[in-house]
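# Structural description and commentary
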Amino acid sequence: MTFPILERKIRGKRLVYLDSAASAQKPAVVLEGEKAFYEQHYANVHRGVHTLAEEATEKYEEAREKVGKLLNASSEEVIFTSGTTSAINVVANGLELDGDIVVSMLEHHSNFVPWQQLAKEHGKKFKVIPLTPDFHLDTEKARELIDVNTAVVAINHVSNVLGTINPIKELADIAHEHNAILVVDGAQAVAHEKVDVKALDVDFYAISGHKMYGPSGIGALYGRKELLTKLQPSIFGGEMVREVKIEDTTWNDAPWKFEAGTPNIAGAVAMGFAADFLRENYEQITKTDAELVPYMLERIAEVEDVTLIGVADEKRGTCFAFTFADVHPHDVSSVLDEHGIAVRAGHHCTQPLHCALGLDATTRASFGIYNTKEDVDAFIAALKKVKEVFT
Ligand SMILES: Cc1ncc(COP(=O)(O)O)c(C=O)c1O
């Protein structure tokens, strides 16, 4: 497996890419697959009857099947979107909201703001499940907050900050006991674990192509078939219609009624290649994560002045957010960059979480399939230099 970008140098140093949670790098198989599609099969989809139009449509629909297979869903339950954010907005804008909304404190803004705004618009309650002191979702409180008046529970599968892995099946059971739907933000989960939407019993599951070794500008929404039939489209235009008359319009079937206009055709095709890449490499991914997570926990504890913000035991995801005494995360990140190490600094689109933790920002290192113990060693060595620079 080759990732061409990993060959390049940063400031004369080997690139150590520890920012896969923001966006993963792309394997040659995805890059070449997308290029070959443009070079050999490209045309618009679902419109023409010429050879290229038919081939492009076939490849686009094949990609839908591949993404379905990745999530254990049928292809008609997969909508192509521009990413997790737009997938969640498709649900929020298409629901007939008839109750309250429950989210959690660790949500990314993309699974927080759409629900907050929807609740406001409809005059419904917007409730936030708190965390326990060890950075897990407080499931006791979740049981109190999700009640007969709840219509939607919207939860992140794996935190992009704390490493928390949420108990999705348990939350699905609680939501369904109260006839609420469960919408899951899977942006950080699917690149690290096999997701089975049927076994998890979720109603909607959103993912981004760029975080799973595919291109940016493409993502997908899984929706339970009967719910997709009821969900209203919120973007109108060509291809999502069945019949348009001056008086009114009828919609195409799901998933196409949610894909108005020319979609990101090559992006979807390449996301299909990325879905295959993941399915073929889950064993390697699990092995890498199982090796690197405990190693990172052990090594980061060595660095004086570093405080890990997140789950401290090995049963966690691969995002490691931390503070470094009173050095600003942007400064920490700049020092690491001098050593060729790419990490992210900021609030990681989780301002409510950072505010609850009394922080403005953190620095975050995160893993992808290409990372090694040597990368962790390089990161720790560079981190130890931060103090020299700032004291
Ligand atoms: C947990 C989580 N949810 C949602 C998103 C938003 O994804 P996108 O920007 O691809 O829509 C991100 C991206 O950082 C994320 O980490």
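In this text, all values refer to a predicted model and were calculated from it rather than measured experimentally.

In this section: the overall build of the chain. Counting secondary structure elements, the chain contains 12 helices and 17 strands. Over its C-alpha trace the chain gives a radius of gyration of 22 Å, about what one expects of a compact globule, namely 21 Å for 391 residues. Expressed along its principal axes, the backbone C-alpha trace of the chain runs to roughly 70 × 55 × 35 Å. Considering the chain as a whole, with its 391 residues, one finds that 49% of them fall into the buried category. In the chain, the proportion of contacts linking residues at least 24 apart, taken out of those at least 6 apart, comes to 69%.

Attention shifts here to the site of the ligand. Lining the immediate environment of the ligand, one finds 14 residues, of which Gly83, Thr85, His108, Asn160 and Ser208 sit closest. The residue inventory of the shell around the ligand, partitioned by class, reads 2 nonpolar, 11 polar and 1 charged.

Turning to the sheet that holds strand E5 (residues 100–104), a few remarks are in order. Where strands meet in a sheet, backbone hydrogen bonds hold them as pairs that are either parallel or antiparallel. Within the open sheet, the 7 strands sit side by side as E4-E10-E9-E8-E7-E5-E6. Their pairing is mixed. Only two strands of the sheet have a single partner each, and these edge strands are strand E4 (78–81) and strand E6 (126–129). The average angle at which neighbouring strand axes cross in this sheet is 20°, direction not considered. Pairing between E5 and E6: 4 bridges, direction parallel.

Turning to the packing of helix H2 (residues 51–71) against helix H9 (residues 265–300), a few remarks are in order. Their axes nearest at 8 Å, the elements H2 and H9 cross at an angle of 35°. Handedness of the crossing formed by H2 with H9: left-handed. Note on element contacts: H9 touches H2 through Ile265, Ala268, Val269, Met271, Gly272, Ala275, Asp276, Leu278 and Arg279, opposite Ala56, Lys59, Tyr60, Glu62, Ala63, Lys66, Val67, Lys69 and Leu70. Of the residues belonging to the contact of H2 with H9, the class tally is 11 nonpolar, 1 polar and 6 charged.

The next point concerns the pairing of strand E9 (residues 204–208). Across the 5 residues of E9, 5 count as buried, placing the element largely inside the fold. Side chains Phe204, Ala206 and Ser208 project from E9 onto one buried face, and the interleaved Tyr205 and Ile207 project onto a second face that is buried too. The pairing of strand E8 (residues 181–185) with E9 spans 3 bridges and is parallel. Of the residues in E9, the one forming a bridge with Val184 is Tyr205. Sheet topology places E9 next to strand E10 (residues 219–223); 5 bridges connect them, and they run antiparallel. When the sheet's bridge partners are listed, Ser208 is paired in E10 with Gly219.

This part takes up the domain arrangement of the chain. Looking at the chain, the domain boundaries give domain 1 (4–25 + 282–390) and domain 2 (29–275). Taking the mean C-alpha position of each, domain 1 and domain 2 sit 28 Å from one another. Taken together, the contact pairs 25 residues of domain 1 with 26 residues of domain 2. Of all the secondary-structure elements, those providing two or more residues to the side of domain 1 that touches domain 2 are H9, strand E14 (319–324), helix H11 (351–356) and strand E17 (362–366). Considering every element that reaches the side of domain 1 that touches domain 2, the biggest residue donor is H11, with 4 residues.

About the criteria used
- Residues numbered from 1 in each chain as written.
- Predicted model: local features only at pLDDT ≥ 70, side-chain atom pairs only at ≥ 80, totals over all residues.
- Helix = DSSP H or I, 4+ residues; strand = E, 2+ residues; numbered from the N terminus.
- Rg over C-alpha atoms; globule rule 2.2 N^0.38 Å.
- Buried ≥ 20, exposed ≤ 12 C-beta atoms within 10 Å, placed from the backbone.
- Contact = placed C-beta atoms within 7 Å.
- Near = placed C-beta within 6 Å.
- Nonpolar A, V, L, I, M, F, W, Y, C, P; charged D, E, K, R; others polar.
- Pairing = 2+ DSSP bridges.
- Axes fitted to C-alpha atoms, helices over the stretch in contact; angles between N-to-C directions.
- Left-handed = near helix turned anticlockwise from the far one by under 90°.
- Domains from an automatic or database assignment.

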